[in-house]
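One-letter residues, chain by chain:
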Amino acid sequence: MVAHRDPFPMQSDAAKALSATSGDASNIIHQWTSMDTSSNEPSNTIIEASDAQDGLTGTKKKKSADDDSDDENNDDEDEFLDRPIWESRSPSERAIAKVQRVLEKVYQRLYGDKLPISEMIRTLCLASTLYFMIGGYWIMRSLKDPILTSICGVGVIPKAKMLSVVLVLGVVSIYNRLLDTKIPRHQLFYIFGTFYFFLFMTIALLLMHPTIGLANQRQSPWRLLGWATYCTIESYGSIMVSLFWSFTNSNFSLESAKASYGVLIACAQVGSILGPTFVNQYAETLGVTTCYIIGAFCLTSLQATMYMYVSIYGAMDHTAVAASPTKTLSKERTGIFEGVRLFWKYNYVKGIFAISCVFMIVGTIIDYIMKTLARDYFAEKHVCEIGMSCYDTTGGEHGMSEDATAAFTSFMGLFGQSANTISFLFSLLGTSAVIRTLGLRWTLLLFPSLCLTVITIVRFYPTLNVTFGAMMAIKAASYSLNNPTKEILYQPTSSSVKYKAKSWIDIFGARGAKATASLVTNAFSYSTAVLVQNGSLVGMCVASFLIWNATYMGKKFDEYTESGYIVGDENSPDEDGGDGNYLEMSTDSHEGDTSCVIYDDDELDDLEAEI
């Protein structure tokens, strides 16, 4: 054996004697622990133990006169260094540092450890797309009902909601067809954004026409421009918002979603506040058509912000989402009705549909009651007089005057402004904290409980102020609580569920729920009192069902996230736990590999035989 020289030999006599001996190991260990480590050889490079001890403990030795003179020269410097760091800062610096510490504590309290600053910047970058999308939509939405009421009359609103279901069906078919192509998901923002921009600009030009536009105040259900305006805005709000959340769910993890979705909703609410505020302030001065054009230009801004996000952070392409570490993959079923098949097969997807859409039945009933009361109020306040184009000389029902239409538009803008302001404050300060504190399971129960409370109050106090407050509560809670929780429910689902099933739920399902509510409002629209009594009873039944569904979905979400089950994955076991492929963590049979392994039935038999 080759002997190696110790590069750091100990210099004491005991160490030298020990290194030259050999013998019992326990005796050597005892000698090592009790030997003297001091060296007999003087050395200027070794610090004595006493000096080191004095330096660590802060004790001082007697010093010579020269040392005293040095200390006198360094008295001021020692006093400065002995001061705390905060005392060396200026008052303004100390104030800024104190504010910074307070803000850090508040940030930690609101968002926890799962949303660092870098992730917050990424979230805000993506939220800018949602800001312009929602801001433009709320400008259009605030104009949607007044335009339809001014051109066709308020009585056609329930029929327009039912018609929008049929038209949106065609949009969903095109959307799902594009999902089957190799077009990256983020490029769909450019395709649909450009399409709706030119469509809105065309409608804006037609609204300026003296005969078929708003200048003609004679209401008629056969004026197609009002129907086209309404259905176009409805389809835009459904397709673009659904596309955004599908993209977001594919690019955010579950923990990031819980921490950041409240921020996304808050930024969206800023747009939803500014949009109605703009309409409320400038509808009477700039005109309805000018506001409509400004809303259309928001679509160009959302395309620019999406391009900026993808350029900086990239995007998870659908081909990457489809990749799987499993041994065998079944061929993905495609087609425009793939989302319907997934909806029909999985109860979990049906539960998401109920949370996403069924509550709209309650909201649509209250919304129609509010608009009917508002129409009557402003029609009486701004009477249509003889000589106005809204005056019906044949003795029929008079239309709304220009002042009544503008006042009705401002009222709807005020409604959107109020509801979205409440939603913004809660989304920014409360959504993430509520989800982290209560957990998703209990948070899901809050919104349907609120719906039941609100519809009960409207049943007994059906006034304009009460319905206005009820709609504010439902809208604000749906945006700040229901929307983020329903999007989190998509986390344990496959890419097909996130895009295809979600598109049917958000677009066709939402329109279907509103159409169902419109059947109720249309059936009892002949009397406001009958509408309130029967409509509120339907709403109370729906809200009770939503409470039961929220309980079921909270339980299933916890179960699936803990087990790793993916809803919609053909290689995962059946939702009800039936026969199929088996999913387990490969920790015993595959050393060093922590990926999920899928065993077919025949492979599972072989594995059990080996065990």
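Okay, so let's go over this structure. What you see is a predicted model, and the numbers here were worked out from it, not measured in a lab.

### Things to note about the overall build of the chain
Regarding its fold elements, the chain presents 20 helices and two strands. Every one of the 611 residues in the chain was classed for burial, and the buried ones make up 47%. Taking the contacts inside the chain whose residues are at least 6 apart along the sequence as the reference set, 79% of them involve residues at least 24 apart. Looking at the chain as shown, the accessible area adds up to about 30,900 Å², and 60% of this sits on carbon and sulfur atoms.

### Here's the deal with helix H9 (residues 187-207)
Compared with an ideal rise of 1.5 Å per residue, which puts 21 residues at 30 Å, H9 spans 31 Å between its outermost C-alpha atoms and is within 8% of the ideal. Turning to H9, its buried residues are Leu188, Phe189, Phe192, Gly193, Tyr196, Phe197, Phe200, Ile203, Ala204 and Leu207. The arc that holds the buried residues of H9, viewed along the axis, is 150°, so those residues lie on one side. The exposed residues of H9 that point more than 90 degrees off its buried face are Phe198 and Leu205. On its buried face, H9 sits against helix H7 (117-152), helix H8 (157-179), helix H10 (224-251) and helix H12 (288-313).

### Regarding the nonpolar core
Generally speaking, nonpolar side chains in soluble globular proteins are found buried as a group. By size, the foremost hydrophobic cluster in this structure holds 133 residues, and its most contacted members are Phe189, Phe200, Tyr236, Tyr292, Ile366 and Leu489. Take this core: its biggest share by element is 19 residues, from helix H15 (residues 347-381). Ignoring any residue separated from it by four or fewer positions in sequence, one finds phenylalanine 189 in contact with Met133, Met240, Leu243, Phe244, Phe247, Leu302, Gln303 and Met306.

### Re the pattern of salt bridges
Applying the stated criterion across every chain yields a total of six salt bridges. A salt bridge links lysine 144 to glutamate 234; its shortest N-O distance comes to 2.7 Å. Residue lysine 144 is found in helix H7, and its partner glutamate 234 is found in helix H10; the two are separated by 90 residues along the sequence. Lysine 144 sits in the buried class, given a relative accessible area of 5%. A salt bridge links lysine 502 to glutamate 487; its shortest N-O distance comes to 3.0 Å. Here lysine 502, found in helix H18 (residues 495-523), pairs with glutamate 487, found in helix H17 (residues 464-488); they are 15 residues apart in sequence, far enough to count as distant.

### Quick word on the packing of H7 against helix H16 (residues 402-460)
Contact pair H7 / H16: the axes reach a minimum separation of 9 Å and the direction vectors enclose 150°. As summarised for this structure, H7 and H16 are arranged roughly antiparallel, according to the angle between their axes. Handedness of the crossing formed by H7 with H16: right-handed. Each of Trp138, Ser142, Leu143, Asp145, Pro146, Thr149 and Ser150 in H7 lies in contact with H16, whose residues at this interface are Thr405, Phe408, Thr409, Met412, Gly413, Gly416 and Asn420. The class makeup of the residues in the contact of H7 with H16 is five nonpolar, eight polar and one charged.

Rules of the game
Residues numbered from 1 in each chain as written. Predicted model: local features only at pLDDT ≥ 70, side-chain atom pairs only at ≥ 80, totals over all residues. Heavy atoms only, no water. Helix = DSSP H or I, 4+ residues; strand = E, 2+ residues; numbered from the N terminus. Buried < 20%, exposed > 50% of the residue type's maximum accessible area, 1.4 Å probe, protein only. Contact = heavy atoms within 4.5 Å. Areas by Shrake-Rupley, 256 points an atom, 1.4 Å probe, with all protein chains shown as cover. Expected span 1.5 Å × (residues − 1). Arc of directions from axis to C-beta. Core = buried A, V, L, I, M, F, W, Y, C linked by side-chain atoms within 4.5 Å. Salt bridge = Lys/Arg side-chain N within 4 Å of Asp/Glu carboxyl O. Axes fitted to C-alpha atoms, helices over the stretch in contact; angles between N-to-C directions. Parallel < 35°, antiparallel > 145°, perpendicular 65-115°, else oblique. Left-handed = near helix turned anticlockwise from the far one by under 90°. Nonpolar A, V, L, I, M, F, W, Y, C, P; charged D, E, K, R; others polar.

Shape descriptors only; they carry no functional weight alone.
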